[in-house]
Amino acid sequence: MKKSRLVLLGVGVLAAGLIAATAVIPGFGPRALISSISGAFGGVTCDDTVCPPDAEWTRPIDAPVTSQFRSEERPSHHGVDMAAPRGAEIYAASAGVVIVAECNASLDGEPYSCDVDGSPEVGGCGWYVKVLHAGVFATLYCHMETRPEVEVGDAVVTGQLLGHVGSSGNSSEPHLHFETQVGNDVVPPNSNSAVDPIFFMEERGAPLP
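The rules behind each value
Residues numbered from 1 in each chain as written. Predicted model: local features only at pLDDT ≥ 70, side-chain atom pairs only at ≥ 80, totals over all residues. Heavy atoms only, no water. Disulfide = S-S within 2.5 Å. Buried < 20%, exposed > 50% of the residue type's maximum accessible area, 1.4 Å probe, protein only. Helix = DSSP H or I, 4+ residues; strand = E, 2+ residues; numbered from the N terminus. Polar contact = N/O pair within 3.5 Å; in protein donor to acceptor, adjacent residues only side chain to side chain. Contact = heavy atoms within 4.5 Å. Core = buried A, V, L, I, M, F, W, Y, C linked by side-chain atoms within 4.5 Å.

A. Structural context of the state of the cysteines. Counting across every chain of the model gives 3 disulfides. Linked covalently through their sulfurs, cysteine 46 and cysteine 51 form a disulfide whose S-S length is 1.7 Å. Between cysteine 46 and cysteine 51, the S-S dihedral sits near -125 degrees, and the bridge is therefore left-handed. Residue classification places cysteine 46 among the partly exposed residues on the basis of a relative accessible area of 26%. Shown here is the disulfide that connects cysteine 125 with cysteine 142, its sulfur atoms set 2.1 Å apart. One disulfide, between cysteine 125 and cysteine 142, carries an S-S torsion of 50 degrees and so falls in the right-handed class. Residue cysteine 125 is found in strand β6 (residues 123-133), and its partner cysteine 142 is found in strand β7 (residues 137-144); the two are separated by 17 residues along the sequence. Taken in sequence order, the bonded cysteines of the protein chain link in the pattern 1-2, 3-4, 5-6.

B. Quick look at the side chain of threonine 139. In this fold, threonine 139 is placed in strand β7. Reaching out from threonine 139, the side chain makes a polar contact with the side chain of histidine 133 at a distance of 2.7 Å. Those residues in contact with threonine 139 that sit more than four places away from it in its chain are Trp57, Ala93, Val129, Lys130, Val131, His133, Phe178, Glu179 and Thr180.

C. Looking closely at the nonpolar core. Ranked by size, the top nonpolar core spans 32 residues in total, and within it Met82, Val129, Tyr141, Leu162, Phe178 and Met201 carry the most contacts. Listing elements by their share of this core, those giving two or more residues are β2 (80-83), β4 (96-107), β6, β7, β10 (175-182) and α3 (197-203). Sequence-distant contacts of methionine 201, defined by excluding residues within four places in its chain, comprise Trp57, Thr58, Arg59, Ala93, Phe178, Thr180, Ala206, Pro207 and Leu208.

The following block contains the structure:
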């Protein structure tokens with residue numbers, strides 16, 4: 001038998017074994033499988049210790065909403081914009097683990113600095129942070145002034161400082177772009193699965209201004 005066929009046979013046997021395990025082993029399911037694979041390759045996991053299901057929620061910043069979630073004018077705007085002075089502190093909306101903390105900006109297909117103000121022509125979130133929470137929720141905080149105060153893998157508590165308001169990336173003035181994303185055991189939270197932060201935060205006792 002050719003080597004390629006042996007490899008395919010081995011993959012098939014492994015897949016069948018994993019499927020059987022999800023049916024007969026308590027607690028072994030897609031989430032457990034994904035977490036184990038993620039951990040094996042240096043990924044970040046979110047267990048009840050760092051992502052407590054009963055964690056409180058709070059506003060990420062005390063500032064008014066100036067641009068709504070997926071409005072008619074901006075149907076691809078997957079969060080809300082909250083206007084605040086440059087340098088205002090941005091806080092974790094709830095306890096969780098940091099899964100992204102990086103610069104995301106480009107202009108005409110080329111990387112663009114996050115250490116300068118962006119513009120409507122610049123693409124991306126600028127300096128931003130993404131935090132994973134219990135219940136396969138995630139929150140996203142964009143357009144920070146400088147490199148975030150946290151790093152990937154950091155466990156954060158409700159209200160912990162993440163960074164400061166700026167205007168990096170796709171931004172015309174200092175503000176926080178805030179997203180609330182909902183995932184499941186198969187699909188991780190992402191912007192396409194985002195829900196309106198106004199309703200999401202109100203349901204958790206932390207209404208936005």
